[in-house]
Every structure is written in C-alpha cells, then in structure tokens.
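Structural overview for review
For reference, the chains in residue letters:
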Amino acid sequence: ISLLLKQISPHYKTALLPAYICDSVISPFIEHGYTCFFYDVEKDLSPIINEEIYKNIGIFLHMGYFGFSTNSSLLDIIQHFKKTSTVIIEDVTHTLFSDFERFKENDFYIGSIRKWFGIPSGGFLASSTKKIKKTELIDELNDNEFTLLRKEALICKRNYIESNNSGLKNIFLKLFSDAEEILDKDFTPYAIDDLSMKIIKSLNSESLVMRRRENFLTLVEGLKKIDYLQPLFSYLGKNECPLFFPILIEHNRDEIRRKLINEQIYCPIHWPIPIEVRKGNNPNAIKIYNSILSIPCDQRYDMNDMKRIINVLSNI
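From a predicted model like this one, the values you see are computed outputs, not experimental measurements.

Some remarks on helix H5 (residues 167–185)
Turning to H5, its buried residues number three or more, namely Leu168, Phe172, Leu175, Phe176, Ala179 and Ile182. The buried residues of H5 occupy an angular sector of 110° when projected down its axis, which confines them to one face. Turned more than 90 degrees away from the buried face of H5, the exposed residues are Asn170, Lys174 and Lys185. Contact partners of the buried residues in H5: helix H4 (145–163).

Written as structure tokens, this is what we have:
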C-alpha cells in the first residue's frame, strides 16, 4: 500500500475502506496524510454502500473475505467511482487462491502472501492497466530486522511442533509478536527476501487449494448441529479457496476460544477493532469483530484434524 501511495495522485486525499478490516491496512493511508472513511458490512460480510453519501473520494478499497467473493455486488458502486476518477484498489489477500473473475474497473491489486503459508515476508502490488515503478522499493529484506525475526520464529515453531517442547512456544510467539510490532511502525516498502521468493516459486498451489477445500467442507458438514455457533459461509463454490473457516459466536466467544486452546486448537480472531472504525457508525462490523472466530483449515491439516476440531466443539 505504501509503495502504491508513493506513486499515485488522486483528486482527493481521501480513502473509503471497509469497516471490517485489519488496522495494518488503515495505517499506511493515515501515514501518507489521507482522511479515511469507512463503509459498514452485512452479517455475510457483503458491503453496505450508498453512493450518494460518499462524494470526493480519492481511493476506494474493497475486498472479498476468507476466500469468498463477498464484494461481488459492487459493480454499480465501482462504475460510479470510475466516472469520478477515484482510484480503485482490490485487496486480494483473502481471495488469493480463489479463481473468480475480478472487476475490470480495478486499477490496482494488493495482497499479503505470508497469510497463506510459512514465509518470512511477502506481499505484492499489481495492475493490469497502470505502470508500477519499483524504484521506490528499498533493497531486499534479507538483513531486515522484521525478516530475521520471522525466520527465527518460523524455525522455532517448527522445532516446537516436531519436539513438542512446550518451552519453545512462548519463544516463537514472542518473536512473531516482536516482528509485527516492527510492521506497525515501519511503512517503508521493502523488496521480498530471497528465501521467501524461493519458497513461493516452489509452491504446489493445486495441493494447497485441494486440501483447504476438503478441510472446509468437512467442517461445514460436521458443525451443522452445533447451535451456539454460526458458520459465516456454509457453501463453497467450485472456484473458491478458503483462508479460514470463520464462525460467529454471539455469547462466550472468548471462553470457547480458551477451551479450544486448552485442547491445542488455536483459532485467531480477525481482527482487533481499529480505533478509527470504533469512532464511526459501523454497528454490523463491530458485532462481527466481537463475535467472529477463525477455525484453521489450511494445508497443514487433514480430515482427521478437522474431525477432532468438530468433536471438541461438539463437547463444549
């Protein structure tokens, strides 16, 4: 995002972003002097936008969530913004391996690659219509503190998984946390490190997609009868690859999460509520922040792992 903001000059220094979002997406806009506005989302994460409300918008950012085309209803809005020369960005982090058609009106695509598999660093900026200048990129992240911490954390986590040495857990969690703190303060666009690039080039994406889909569908079937949780998505289209299996738990979410942790099942919460969103009028998004839980269904796991998760959730 920082790389993009360094080389565009929209008519207005304003950005319209989804209210359900990671604060790391908001921060670069604020750092570059943009005023940020937010649009709310429905319970199914589809956007709520009244085009009459938002005038003088310089940048419009939209995204599909957790692998699904939740932003597919936006054509009219995007065409409206296109007429006003608004720069249109799609964040494809969550839909990176989903193969559905994107809006031809999109000016840019951004995405974080490291959310999908274990690499120290990696994100991208792309466009099918605009020239992107790489000159703003600082040399590779190889000796950057962020990447070094992430490499150390990933190695430590692997040792923890293989040795079951519980003493290593707090060490790798602290390393990951320290690395994220660096990102919170440094918005400089760096080039990807060599190791991450090698891993990306050797990735078997077909296997990744197949395993995630199988795991997701196992969870869909197995969680149907558990009445204290509600899956956000109960159907998987043929072109969709899930990032997680998100569920909503309106009561006692944090207590249920703790019980899962006691069974060594670690479900992240996407995300903490950004201060900027909390200040606005986004009731639906706030409700999702407070009740969502993301069940891992990625390529590290198989059907037996999913059945164990279903069993634990059934017994809570």
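The rest of the description comes next.
Let's talk about the state of the cysteines
Evaluation of the coordinates by the stated rule reveals zero disulfides. Its sulfur unpaired, Cys22 is 13 Å from the next cysteine sulfur, which belongs to Cys36.

Focus on the pairing of strand E9 (residues 292–295)
Of the two faces of E9, the one lined by Ile292 and Ser294 and the one lined by Leu293 and Ile295 are each fully buried. Sheet analysis places strand E8 (residues 245–248) next to E9, joined by four bridges and oriented antiparallel. Within the sheet, the bridge partner assigned to Ile247 lies in E9 and is Leu293.

Here's the deal with the sheet that holds E8
One open sheet holds the three strands; their spatial order is E7-E8-E9, and the pairing between them is antiparallel. Two strands in the sheet have a free side with no partner beyond their single neighbour: strand E7 (230–231) and E9. In the packing of helix H10 (residues 283–291) onto the sheet, the strands contacted are E8 and E9, and the crossing angle to E9 comes to about 50°.

Quick notes on the packing of aromatic side chains
The full count for this structure, using the stated rule, is 12 aromatic pairs. Measuring from ring centre to ring centre gives 5.9 Å for Phe29 and Tyr34, while their planes differ by 85°; the resulting arrangement is edge-to-face. Tyr34 matches Phe29 in its accessibility class, with the two residues each being buried. Note on Phe60 and Phe81: the rings are 4.9 Å apart at their centroids and 35° apart in plane angle, and the pair reads as tilted. Of this pair, Phe60 sits in strand E3 (residues 59–63) while Phe81 sits in helix H3 (residues 75–83), and the two are 21 residues apart along the sequence. Joined through ring pairs, the aromatic side chains of Tyr20, Tyr65, Trp271 and Tyr289 make up one cluster.

What counts, and where the lines are drawn
Residues numbered from 1 in each chain as written. Predicted model: local features only at pLDDT ≥ 70, side-chain atom pairs only at ≥ 80, totals over all residues. Heavy atoms only, no water. Buried < 20%, exposed > 50% of the residue type's maximum accessible area, 1.4 Å probe, protein only. Helix = DSSP H or I, 4+ residues; strand = E, 2+ residues; numbered from the N terminus. Arc of directions from axis to C-beta. Contact = heavy atoms within 4.5 Å. Disulfide = S-S within 2.5 Å. Pairing = 2+ DSSP bridges. Axes fitted to C-alpha atoms, helices over the stretch in contact; angles between N-to-C directions. Phe/Tyr/Trp six-rings, centres within 6.5 Å; stacked < 30°, edge-to-face > 60°.

So far we have only geometry, and geometry alone does not tell us how the molecule works.
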